[in-house]
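# Breakdown of the fold
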Amino acid sequence: MDNPILKQIGTVFIPVSNIEKARDWYCDILGLKTDGEIQFGHLYVIPMEGTKIVLDSKIYSEDRIYRTPAFHLNTKNIEEAFHFMSNKGVNLITEIEHDHYFNFKDPDGNILMICEC
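My aim in this report is to walk through the structure given alongside it, one point at a time. (Residues numbered from 1 in each chain as written. Predicted model: local features only at pLDDT ≥ 70, side-chain atom pairs only at ≥ 80, totals over all residues. Heavy atoms only, no water.)

A word on helix H2 (residues 78–87). For H2, the set of buried residues is Ile 78, Ala 81, Phe 82 and Met 85. All buried residues of H2 project into a common sector of 100° when viewed along the axis, lining one side. Relative to its buried face, H2 has exposed residues pointing more than 90 degrees away, namely Glu 80 and Asn 87. Where H2 is buried, its residues meet helix H1 (19–30), strand S4 (72–75), strand S5 (91–92), strand S6 (101–105) and strand S7 (111–116). (Buried < 20%, exposed > 50% of the residue type's maximum accessible area, 1.4 Å probe, protein only. Helix = DSSP H or I, 4+ residues; strand = E, 2+ residues; numbered from the N terminus. Arc of directions from axis to C-beta. Contact = heavy atoms within 4.5 Å.)

Below is the structure:
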């Protein structure tokens, strides 16, 4: 029998305290419109290429936020990405490490990463 489980990640859920504010913040840093539907009053699917990100205010609590990055957002130029996020006023928690990546926090304190791949 073949394995029915695909070698793919479909979606990453991020706990957020306020779905509207989180949608606006994530869409702003990703350069996306905020015209998607908030589903069931607590879910927002960010339109990404490949693996999707789902913001979820129903699963939020302070003890559920990401304390280490569970994934990274890709960039082709880490210096430009760092300066872009800095100019947006994003809470950068590291400098560019090993000329390759940096970490930052979303407004709820989730630690995320941008990496040059």
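Moving on, there is more to tell.
This part takes up the side chain of Asp 56. By secondary structure assignment, the location of Asp 56 is in strand S3 (residues 52–56). Buried within the structure, Asp 56 lacks any salt-bridge partner; Lys 58 is the closest side chain of opposite charge, at an N-O distance of 7.4 Å. Engagement of the side chain of Asp 56 in a polar contact is seen with the side chain of His 42, the distance being 2.7 Å. A polar side-chain atom of Asp 56 sits 2.8 Å from the main-chain amide nitrogen of Lys 58. (Lys, Arg positive; Asp, Glu negative; His and termini not counted. Salt bridge = Lys/Arg side-chain N within 4 Å of Asp/Glu carboxyl O. Polar contact = N/O pair within 3.5 Å; in protein donor to acceptor, adjacent residues only side chain to side chain.)

The next subject is the nonpolar core. By size, the foremost hydrophobic cluster in this structure holds 24 residues, and its most contacted members are Ile 14, Leu 55, Phe 102, Phe 104 and Ile 114. At 6 residues, H1 tops the list of elements feeding residues into this core. Ignoring any residue separated from it by four or fewer positions in sequence, one finds Leu 55 in contact with Ile 14, Val 16, Ile 19, Ala 22, Arg 23, Tyr 26, His 42, Leu 43, Tyr 44 and Ile 46. (Core = buried A, V, L, I, M, F, W, Y, C linked by side-chain atoms within 4.5 Å.)

Moving on: the sheet that holds strand S2 (residues 43–46). Neighbouring strands of a sheet are bound in pairs by backbone hydrogen bonds; such pairs are parallel or else antiparallel. Taken together, the 3 strands give an open sheet; going across it, the order is S1-S3-S2, and neighbouring strands pair in mixed fashion. The sheet terminates laterally at strand S1 (11–15) and S2, the two strands that pair on one side only. On average, each strand axis in the sheet is inclined to that of its neighbour by 25°, with strand direction left out of account. Sheet analysis places S2 next to S3, joined by 4 bridges and oriented antiparallel. Counterpart to Ile 46 in the pairing with S3 is Ile 53. Where H1 meets the sheet, it contacts S1, S2 and S3, and its direction lies at approximately 10° from that of S2. (Pairing = 2+ DSSP bridges. Axes fitted to C-alpha atoms, helices over the stretch in contact; angles between N-to-C directions.)

Let us now look at the packing of aromatic side chains. The tally for this structure, following the rule as stated, stands at 4 aromatic pairs. Aromatic pair Trp 25 and Phe 104: ring centres 6.4 Å apart, planes at 40°, arrangement tilted. Of this pair, Trp 25 sits in helix H1 while Phe 104 sits in strand S6, and the two are 79 residues apart along the sequence. Classification of Trp 25 as buried rests on a relative accessible area of 17%. For Phe 104, a relative accessible area of 0% gives the class buried. Ring plane angle 50° and centroid distance 6.3 Å describe the contact between Phe 102 and Phe 104, whose orientation is recorded as tilted. (Phe/Tyr/Trp six-rings, centres within 6.5 Å; stacked < 30°, edge-to-face > 60°.)

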